[in-house]
Amino acid sequence: MENSFKKSTVFYKTGTAKFLIRMKYLPLVLFSFLLFSCQMKDEVHLSSPDENHQLVLTVEGDSVLLRYSYKGTQILKKSPSGLKTNSEITGHISLGDVDKSHVDTTWNPVAGKSRIVRDNYNQYVVHLQERNSPLGVYDIVFRCYDDGFAYRYIIDSKGQKPLQVEGDQTTLNFSDKPTYWAYNGERPNVGPLGVGDTSMMVRTPMVLKLRENCYMAIHEAEISQYAPFTLQTTQFKNSLSVHIDPTDAEYTLKTSWRTFIVGNQPGDLVGSNLLDNLNEPCKIEDPSWIKPGKSMWDWRVWGYKAPGGFVYGLNTPSHKRLIDFASKNNIQYLLIDADWYGPEFNDNSDPTVARKGINIEETISYAKERGVDLILYLNDVGAKKFGLERVLKQFSVWGAVGVKYGFMKGSWEQKVRHTREVIKLCAKYKLMVDFHDGPVPPNGDDRTYPNVMAREFCHAQADAKRSYFPETAVSSAFINMIAGKIDYTNGWFDLNHAQSRVRVFEEIPGTVSAEVAKLIVAYTGWMVLPDAPEAYLAKSDLFECIKEMPPQFDSFKVLQGDIDKYIVVARAAGEDWFIGSLTNREGRDVEIDLGFLPKGSKYLATIYSDADDSNFLTNKESYKIEEQKVEPGTKLKVRLAPGGGNAIHLKKL
């Protein structure tokens, strides 16, 4: 028995204990076991390493019930969980053995929020016994972290029959009525609403304010086989029910991790690495070719008329101008977007053949000579019609380093599996990838395949022929970025005339200072810059902040903020720091405490601010730049214009 405790602890319940007994002690053990059986309740207690998160698992009939408390306060009352499957797990369920283990280690992301991630959790494998099922047993695996918990279901038919999930029986019953916000595709996020105010289907991440100084984010990790789940609110009830699509048949069912990140402030949820920790370690043997960075982008520049008369379009001369600017301004990539191989939705558009006016091989060669690499767009239509692997291989042969994958079709389960196929094949040909147009949610899988650089898992500015307003930039940082790296194309400078271009359909609200700040606030692998070189050169003193940003930041910390109002984010860059602040449509004064800086250090702060009369609708392009010497005890006061923002570069002296 002692050896079994080195890696796991077993909790015993009625009918499940296994003892190695010397015969001479048998009568005493039998008596003790009978007494234990009479007094023991059929429940399992789970906890995080710091014991702030406490879960209790019980069984009633055919339901597994979960209760959850945070720092001694009950959050979830008895909440039924479980899967409805074709294996007829419908009879009486009892708790079997529970295998406990503890892990505390660190790992280094290839491209993550920070350079080092701690992975510290208690794991409980709960074996559930079902009397009437031919399978007999299935498992729920729990992991409890200091910043939340997660669980997944595993059912193994032992080759007896293919299994299918037909539904989810989970209902989360909250002790109080939370306020919530939620991801909403390519539209402004949902919320704030009260759970129980209406009946509606909600996508994740869902962020709940449970009480003052207590927030929870519900999402998934390791979405690799089955469709993402959604959450159903019911009017007049403080509960959420889980909805999942039926799955294809498998002999072993292993769901994604259902994740619950918990923190005192909404910024704690964004800073968590829980999703990444739940995914498998990197499967790419040598990921040294995976490099985050900044990228120029041709798509939104079409139609821009530069001083001197040059008009940007979908052609090689335009691409070379973008490359020239990138090579001189610390920008690592050029993204050539849709239609470069013909109309993207046309079945006859072959992604291995460039259209007239574009020479991909010449452009890639020109770029590489100047230290710039190319990312090529690929539509799902062309990938499937002409062979995904054939296309990716050709991109690699040409010398491209990345793919932007758009408009994936199919059911959600098909999209999940095809996404994993695209990622793996891109890795095979040393291609990074960014998914757009209703992608599978980020879910920490970039730990396993770090060539996933971003997803358009947000309302990207000017995409879907719509513009987003300042409050969406703020809420996206608090909601969408919980899931992982997102691409919402920030960095517009020509705000007054952008809508005159071919691929910009509405006026873009915002201020230029906010556009710089968004590049700091946004967590992504690729900073995709949407404007023309000449627009940046016209405000070269402001662009200096973007130019000085590193290809990858070393940290991510939300200093302060409110989901509906504003956010302040600090990012380390070697010995330097960048701070980005954004506000909603209301102007506000923010005091930024620099106490996070190393003790004894001194910095020169270059502060890129809205002008006194800046406004996201009426005066977008005015700004001011100031310098100030600062140290860890400094408290900087900044003014954010209505719909505006502030960017600060702290350069170590």
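Before reading on, note that the structure itself is shown above.
Each value, and the rule that gives it
- Residues numbered from 1 in each chain as written.
- Predicted model: local features only at pLDDT ≥ 70, side-chain atom pairs only at ≥ 80, totals over all residues.
- Heavy atoms only, no water.
- Pairing = 2+ DSSP bridges.
- Helix = DSSP H or I, 4+ residues; strand = E, 2+ residues; numbered from the N terminus.
- Axes fitted to C-alpha atoms, helices over the stretch in contact; angles between N-to-C directions.
- Phe/Tyr/Trp six-rings, centres within 6.5 Å; stacked < 30°, edge-to-face > 60°.
- Buried < 20%, exposed > 50% of the residue type's maximum accessible area, 1.4 Å probe, protein only.
- Lys NZ or Arg CZ within 6 Å of the ring centre and 35° of its normal.
- Contact = heavy atoms within 4.5 Å.
- Parallel < 35°, antiparallel > 145°, perpendicular 65-115°, else oblique.
- Left-handed = near helix turned anticlockwise from the far one by under 90°.
- Salt bridge = Lys/Arg side-chain N within 4 Å of Asp/Glu carboxyl O.
- Polar contact = N/O pair within 3.5 Å; in protein donor to acceptor, adjacent residues only side chain to side chain.
- 1 Å grid on protein atoms, 1.4 Å probe; cavity = no way out; pocket = protein on both sides within 12 Å on 5 of 7 lines; lining within 4 Å.
- Points joined across faces, edges and corners; volume = space filled by probe spheres on them.

**Student:** Would you take a moment to explain the sheet that holds strand E2 (residues 43-47) for this structure?
**Tutor:** Backbone-to-backbone hydrogen bonds join strands into a sheet, with any given pair of strands oriented parallel or antiparallel. Read from one edge of the open sheet, four strands run E2-E3-E4-E5, paired in antiparallel fashion. Strands at the two margins of the open sheet, each flanked by one partner only, are E2 and strand E5 (73-81). For this sheet, the mean inter-axis angle between neighbouring strands, taken without regard to orientation, is 15°. Across eight bridges, strand E3 (residues 53-60) lies against strand E4 (residues 63-70) in antiparallel orientation. Looking across to E4, one finds that Val-59 is bridged to Val-64.

**Student:** I would appreciate a short explanation of the packing of aromatic side chains in the present structure.
**Tutor:** We describe a pair of aromatic rings using the distance from one ring centre to the other and the angle between the two ring planes. Inspection of every chain in the model, using the stated rule, returns 27 aromatic pairs. With a centroid separation of 4.9 Å and 35° between ring planes, the pair formed by Tyr-536 and Phe-543 is classed as tilted. The buried category is assigned to Tyr-536, whose relative accessible area is 0%. You can call Phe-543 buried: its relative accessible area is 4%. Taking the ring centre of Trp-412 as reference, the NZ or CZ of Lys-415 above it sits at 4.1 Å. When the ring centre of Trp-107 is taken as reference, the NZ or CZ atom of Arg-447 above it lies at 4.1 Å.

**Student:** Looking at this model, I keep getting lost on the sheet that holds strand E18 (residues 230-233). Mind explaining?
**Tutor:** Pairing in this open sheet of four strands is antiparallel, and the strands run E12-E19-E18-E15 from one edge to the other. Because the sheet does not close on itself, it has two edges, and the strands there are strand E12 (171-173) and strand E15 (200-202). Taking each pair of neighbouring strands and ignoring which way they run, the sheet shows an average axis angle of 30°. Looking at chain direction, E18 and strand E19 (residues 239-243) are connected through four bridges and run antiparallel. Looking across to E19, one finds that Leu-231 is bridged to Val-242.

**Student:** Can you help me understand the environment of Val-242 in this one?
**Tutor:** Here Val-242 shows up in strand E19. Each C-alpha atom of the pair Val-242 and Val-202 lies 9.7 Å from the other, and the pair is 40 residues apart in sequence. Apart from the residues lying within four places of it in its own chain, the contact partners of Val-242 are Asp-168, Thr-170, Phe-229, Thr-230 and Leu-231.

**Student:** Even after reading the chapter, I still don't get unusual backbone geometry, so can you show me in this structure?
**Tutor:** Glycine aside, a negative phi is what most residues show, and trans is what most peptide bonds show. The omega torsion across Gly-191 and Pro-192 is 5°, close enough to zero to call that bond cis. Looking at the secondary structure, you find Pro-192 in strand E14 (residues 190-194). Following Thr-204, the chain continues to Pro-205 via a peptide bond in cis, the omega torsion being 10°. Secondary-structure assignment places Pro-205 in the loop between E15 and strand E16 (206-211). The phi torsion at Asp-437 lies on the positive side, around 65°, for a residue other than glycine. For Asp-437, a relative accessible area of 16% puts it in the buried group.

**Student:** Even after reading the chapter, I still don't get the packing of helix H4 (residues 316-328) against helix H5 (residues 360-369), so can you show me in this structure?
**Tutor:** Axis angle and axis distance: for two packed helices, these are the angle between their axes and the distance between the axes, and together they describe the pair. Contact pair H4 / H5: the axes reach a minimum separation of 10 Å and the direction vectors enclose 15°. Judged by the angle between their axes, H4 and H5 are roughly parallel. Helix-helix and strand crossings are classified by hand; for H4 and H5 the assignment is right-handed. In this structure, H4 uses Thr-316, His-319, Lys-320, Ile-323 and Asp-324 to contact H5, whose residues at the interface are Glu-362, Thr-363, Tyr-366 and Ala-367.

**Student:** Looking at this structure, I do not really get the pattern of salt bridges. What am I missing?
**Tutor:** Pairing is possible between side chains of opposite charge, provided their charged atoms come close. Scanning all chains against the criterion turns up 37 salt bridges. Here Arg-585 and Glu-471 are joined by a salt bridge, their closest N and O atoms 3.0 Å apart. On the criterion of sequence distance, the pair formed by Arg-585 in the loop between strand E31 (576-583) and strand E32 (588-593) and Glu-471 in helix H9 (residues 470-478) is long-range, its members being 114 residues apart. The salt bridge involving Asp-589 is made with Arg-639; its shortest N-O contact spans 3.6 Å. Of this pair, Asp-589 sits in strand E32 while Arg-639 sits in strand E35 (residues 635-640), placing them 50 residues apart in sequence.

**Student:** Help me out: how do you make sense of the side chain of Ser-318 in this one?
**Tutor:** Secondary-structure assignment places Ser-318 in helix H4. In this structure the side chain of Ser-318 is engaged in a polar contact, spanning 3.0 Å, whose partner is the backbone nitrogen of Gly-313. Each residue touching Ser-318, except ones within four places of it in the same chain, is listed here: Phe-310, Val-311, Tyr-312 and Gly-313.

**Student:** Would you explain empty space enclosed by the protein in this entry?
**Tutor:** Overall, the coordinates contain nine cavities of 30 Å³ or more when judged by the stated rule. As a volume, the largest cavity reaches approximately 100 Å³. If you go around the largest cavity, you meet 14 residues; those closest to its centre are Thr-524, Pro-551, Gln-552, Phe-553 and Arg-571.

Function cannot be read off these values alone, since they describe shape.
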